[in-house]
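Reading the structure
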Amino acid sequence: MSDALSVLDDLRSESEELDRLVAELDVGRWALATPAPRWTIAHQIAHLAWTDRAALLAATDPAAFAAEAEKAAANPGSFVDEGAEEGAALPPAELLGRWRAGRDALWRVLAEAPAGARLPWYGPPMAVPSMATARLMETWAHGQDVADALGVTRAPTDRLRHVARLGVRARDFAFAVRGAAAPDGEFRVELTSPVTGEVWAYGPEGATQRVTGPALDFCLLVTHRAHRTDLALHAEGPDADRWLDLAQAFAGPPGEGRAPRHGRGGGA
């Protein structure tokens, strides 16, 4: 479980960073609009609390989670929004308390899970390290929405390596969720750490199709927190270029994503 514990430690740090952003907000600021349409800061935290509860249910009661997943499959267009709306209606102090308690409970369950355990989810079943990585990815992404709403610039950390790796691994899913066939063969992906400047490399070095650029930009892309034209990502090869238009690191439908801000970019 060493891999899972490493990711879980980073998940805790990511959650604590977001907690510090919202812990001292007055009631009125919880109602600030975020870049996600119709979602306030309260919706963002409520969504994280709701998803943590779903992950906890998947880890502790797979049959009950399967029933919830069936409800979600029957209502794919709105079940996420409904979960966020329910939590956002709570007083902020109560919502914050629920998020804290839920994420702590999930952390303990994942840390104690047996090696090799696989948990059901809305997509394919997930190993414990993958579930922890997915929770970190969502925490970082929704934290970005909160930071944007507050006008705060967060210093990127090397915890982004988990988000980047998930985005690379989800390449074929990003095509499949749009009804498209995945490209043949792996791509080479080389991303520059925002902290050390080292290159995080994925895929065979001799691959003919490549994606390069800042790791932060790639993470913003695969979480749909920025439009490709606002990011300094470069693709070599037609399939790699198309992937940058489709990439996502999260389960479920792709959604609308973000509109371009500046119209600049480093695309193919």
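Residues numbered from 1 in each chain as written. Predicted model: local features only at pLDDT ≥ 70, side-chain atom pairs only at ≥ 80, totals over all residues. Heavy atoms only, no water.

Some details on the packing of helix α2 (residues 41-60) against helix α5 (residues 92-112)
Counted only if it meets this: Think of each axis as a best-fit line through the C-alpha atoms, taken over the contacting stretch in the case of a helix, with angles from 0 to 180 degrees between the N-to-C directions. In this description a helix means any DSSP run of H or I spanning at least four residues, a strand means any run of E spanning at least two, and both kinds are numbered starting from the N terminus. Orientation labels follow simple angle bins: below 35 degrees gives roughly parallel, above 145 gives roughly antiparallel, 65 to 115 gives roughly perpendicular, and whatever is left gives oblique. Less than a right angle of anticlockwise turn of the near helix away from the far helix marks a crossing as left-handed, whereas a clockwise turn marks it as right-handed. Whether two residues touch is decided by their heavy atoms; if any such pair falls within 4.5 Å, the residues are in contact.
Packing of α2 against α5 brings their axes to within 9 Å, and their N-to-C directions diverge by 30°. When the axis of α2 is compared with that of α5, the two are roughly parallel. When you trace α2 past α5, the crossing you get is left-handed. Here α2 contributes A42, I45, A46, L48, A49, D52, A55, L56, A59 and T60 to the contact with α5, which in turn contributes L95, W99, G102, R103, A105, L106 and V109.

Points about the nonpolar core
In summary, soluble globular proteins display a tendency toward joint burial of nonpolar side chains. Rule in force here: Only buried Ala, Val, Leu, Ile, Met, Phe, Trp, Tyr and Cys residues count toward a nonpolar core, and they belong to the same one when joined by side-chain atoms within 4.5 Å. Note on exposure labels: buried denotes an accessible area under 20% of the residue type's maximum, exposed denotes more than 50%, and partly exposed covers the range between, all computed with a 1.4 Å probe on protein chains only.
L110, W121, V189, F218 and W243 are the most contacted members of the largest nonpolar core, which has 55 residues in total. Each residue touching V189, except ones within four places of it in the same chain, is listed here: V168, W200, A201, Y202, V211 and W243. If you look at the next biggest cluster of nonpolar residues, it comprises 17 residues, including A42, L48, A49 and W99.

What about the confidence of the model for the protein?
Operational definition: Every residue is assigned a pLDDT by the predictor, reflecting its confidence on a scale from 0 to 100.
Looking at the protein as a whole, the pLDDT averages 93, with 96% of positions reaching at least 70. Counting interchain partners and residues more than four positions distant, the pLDDT-below-50 stretch residues 263-268 has 18 contacts.

Some thoughts on the packing of aromatic side chains
Where we set the bar: We call Phe, Tyr and Trp rings a pair once their centres come within 6.5 Å, taking the six-membered ring for Trp, and we label the pair stacked below 30 degrees between planes, edge-to-face above 60, and tilted otherwise. Geometrically, a charge over a ring is one whose NZ (Lys) or CZ (Arg) sits within 6 Å of the ring centre while staying within 35 degrees of the ring normal.
One pass over the full model with this rule turns up 6 aromatic pairs. Judged by centre distance (5.6 Å) and plane angle (5°), the rings of F65 and W121 are stacked. Here F65 is found in helix α3 (residues 62-74), whereas its partner W121 is found in the loop between β1 (118-119) and β2 (126-127), with 56 residues between them in sequence. With respect to class, F65 is no different from W121; both count as buried. Put simply, the rings of W50, F65, W121 and Y122 touch in pairs and so form one group of aromatic residues. Across from the ring centre of W107, 3.9 Å away, lies the NZ or CZ of R12, which sits over that ring. Taking the ring centre of W99 as reference, the NZ or CZ of R103 above it sits at 4.2 Å.

A few points about the sheet that holds strand β6 (residues 234-236)
In plain terms, the rule: A pair of strands is considered paired only if DSSP assigns at least 2 bridges between the two.
The strand order across the open sheet formed by 4 strands is β4-β3-β5-β6, and the pairing between neighbours is mixed. Each edge of the sheet is formed by a strand with only one pairing partner; in this case those strands are β4 (199-202) and β6. Each strand axis lies, on average, 10° off the axis of its neighbour in the sheet, ignoring direction. As paired elements, strand β3 (residues 188-192) and β4 share 4 bridges and run antiparallel to each other. When the bridges of β4 are listed, V189 appears paired with Y202.

Examining the layout of surface pockets
Applied cut-off: Only protein atoms enter the calculation, which uses a 1 Å grid: trapped sets of points that fit a 1.4 Å probe without letting it out are cavities, open sets showing protein on both sides within 12 Å along at least five of seven lines are pockets, and any residue with an atom within 4 Å of a point is a lining residue. Grid points are joined across faces, edges and corners, and a volume is the space filled by probe spheres set on the points. Think of it as three bins: nonpolar holds Ala, Val, Leu, Ile, Met, Phe, Trp, Tyr, Cys and Pro, charged holds Asp, Glu, Lys and Arg, and polar takes everything else, Gly as well.
Taken as a whole, the second largest pocket encloses approximately 430 Å³ of empty space. Contributing to the lining of the second largest pocket are 23 residues, with Q144, D148, L216, L220 and R261 lying nearest its centre. Secondary structure elements with two or more residues in the lining of the second largest pocket: α1 (2-22), α6 (128-150) and α9 (215-222). Considering only residue class, the lining of the second largest pocket consists of 9 nonpolar, 4 polar and 10 charged.

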